[in-house]
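Overview (structure and organization)
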Amino acid sequence: MRRRVVVTGLGAITPVGNDVATTWQNLLAGVSGGAPITKFDASTFKVRFACEVKGFDVGLYMDRKEAKRADLFTQYAMGASVQAMQDAGLSEGGFVAEECGVIIGSGIGGLATMEDQHSVLMTSGNKRISPFFIPMYIADIAAGVVSMRFGAKGPNYATMSACSTSAHAIGEAFRTIVYGDADVMIAGGAEAAVLPMAIGGFGNMTALSERNDEPSTASRPFDATRDGFVLGEGAGVVVLEELEHARRRGARIYGEVLGYGATGDAYHLTGQPDAHEGLQRAMRRALRDGGLQPADVDYVNAHGTSTPLNDPNEIKAIKAVFGEHAAALSVSSTKSATGHMLGAAGGVEFIACALALRDQVVPPTINYRTPDPECDLDVTPNTPKTRALRVAISNSSGFGGHNVSLALRGWHE
């Protein structure tokens, strides 16, 4: 019999809140994380705003010595992981070490460390490079550090698939439990790339919005005036658990993971084929994996980047998969509030799906002003929608043609 997997813990560090409750409250309230960049002097850059994490206190999660040896993305990952394990009631144990694993990824990894140590190399020479440079920079280190924190000796690795990173991590953690290789998995992603190299690189490839005078409304998925994504940062981590393991300890359950679909476009470095055929296949695989019909789904948390190419392609993909039922779906992009958190995006958006199912409310797509006839589904403009929700789908896509779709059902015994 296939083992069932449920969600028992949530943790988030985002541009609209440094915990899950605040993030969810602000997503529903339509709060935007967009603002002028404060982390470096961006005055000479084409793009001078982002969705930064604000007021993060690493001391809540790591001692100062440990934090100094961790890039900011790892600090965010630790913060979200501690929150998720506390939420699950597992932060002090309650699991067999060998049956608890960690899959936490990052789309870019320790870019701040790379920038800093490259500067050291150029100004002071190779002998001044920190001995902690490599373990601070590599993208898998967050998973390793989190496993050490909780004594998790099960499967431990990182996913790295650009903006699909944390969705892949959650999907692979789900399968790890289904296959019997663990009973508990800590899974998600983290990113801390609001830095000169990232803003310059994404800006020069014209991927970012250039609305420097309107930073709080620049992320506007599905809107006809969208002009690019807004770079975000943070972490989203969940605790997944085998159902009977969760029941034996009386865990609170947010929802049941039903299906996982992962595909490749094999098409373009950064673009997508028309109607995003690869994402279509990911959604169909998630539905098939979960034994679902299109009509079973009520909400799609879209990848919804606010780019001219992605948004109509994703709407076409949803229509192709859901057919006539697409008109009955609620669709929204929480990137309108958080910006695009890259490797952390899928984790935070999966959390939004879990909370939408719990509270029976769809978080809105904010900053929506001008309808686009190519994006003509119900994109939940500007205000949340209360409605019956049974199953939610979370979509992610990444540069390189990586697509993930996760299917989650609200929990009812």
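Reading the values: the criteria
- Residues numbered from 1 in each chain as written.
- Predicted model: local features only at pLDDT ≥ 70, side-chain atom pairs only at ≥ 80, totals over all residues.
- Heavy atoms only, no water.
- Helix = DSSP H or I, 4+ residues; strand = E, 2+ residues; numbered from the N terminus.
- Rg over C-alpha atoms; globule rule 2.2 N^0.38 Å.
- Buried < 20%, exposed > 50% of the residue type's maximum accessible area, 1.4 Å probe, protein only.
- Contact = heavy atoms within 4.5 Å.
- Areas by Shrake-Rupley, 256 points an atom, 1.4 Å probe, with all protein chains shown as cover.
- Pairing = 2+ DSSP bridges.
- Patch = residues over 30% accessible without salt bridge, like charges linked within 9 Å, V, L, I, M, F, W, Y side chains within 5 Å.
- Salt bridge = Lys/Arg side-chain N within 4 Å of Asp/Glu carboxyl O.
- Axes fitted to C-alpha atoms, helices over the stretch in contact; angles between N-to-C directions.
- Parallel < 35°, antiparallel > 145°, perpendicular 65-115°, else oblique.
- Nonpolar A, V, L, I, M, F, W, Y, C, P; charged D, E, K, R; others polar.

Focus: the overall build of the protein chain
Within the protein chain, the regular secondary structure consists of 13 helices and 14 strands. At 20 Å, the protein chain has a C-alpha radius of gyration in line with the 22 Å of a compact globule built from 413 residues. Overall, the C-alpha framework of the protein chain stretches about 65 × 50 × 40 Å when taken along its three principal axes. Within the protein chain, the proportion of its 413 residues that are buried is 62%. Across the protein chain, every contact between residues at least 6 apart in sequence was considered, and the portion connecting residues at least 24 apart equals 79%. Accessible surface computed for the protein chain: about 15,300 Å², of which carbon and sulfur atoms make up 53%.

Focus: the pairing of strand β14 (residues 402-410)
Working note: regular strand, side chains alternate between the two faces of the sheet. Counting buried residues in β14 gives seven out of nine residues, a clear majority hidden from the surface. Sheet topology note: the strand β8 (residues 255-264)/β14 ladder contains nine bridges and is antiparallel. Looking at the pairing, glutamate 256 lines up with arginine 409 of β14. The sheet contact formed by strand β13 (residues 391-398) and β14 spans eight bridges and is antiparallel. Bridge pairing in β14 links isoleucine 393 to alanine 407. Between β13 and β14, which pair antiparallel one after the other, the connecting turn spans three residues, and glycine 400 there sits at a positive phi close to 100°.

Re a nonpolar patch on the surface
On the surface, Leu121, Met122 and Ile129 cluster together to form a nonpolar patch covering roughly 250 Å² of accessible area. Assessed through its relative accessible area of 56%, methionine 122 is described here as exposed.

Observations concerning helix α8 (residues 196-204)
Looking at α8, one finds that the buried residues are Ala198, Ile199, Gly200, Phe202 and Gly203. The secondary structure elements touched by the buried residues of α8 are β3 (49-51) and α4 (111-124). Positive phi appears at threonine 206, one or two residues downstream of α8, with a value of about 60°.

Re the packing of helix α1 (residues 20-29) against helix α13 (residues 345-359)
For the pair α1 and α13, interaxial distance at closest approach is 11 Å and the crossing angle is 75°. Judged on the interaxial angle alone, α13 and α1 are roughly perpendicular. Between α1, through Val20, Trp24 and Leu27, and α13, the contact on the second element is made entirely by Ile351, Ala352, Leu355, Ala356, Arg358 and Asp359. Partitioning the contact of α1 with α13 into residue classes produces seven nonpolar, no polar and two charged.

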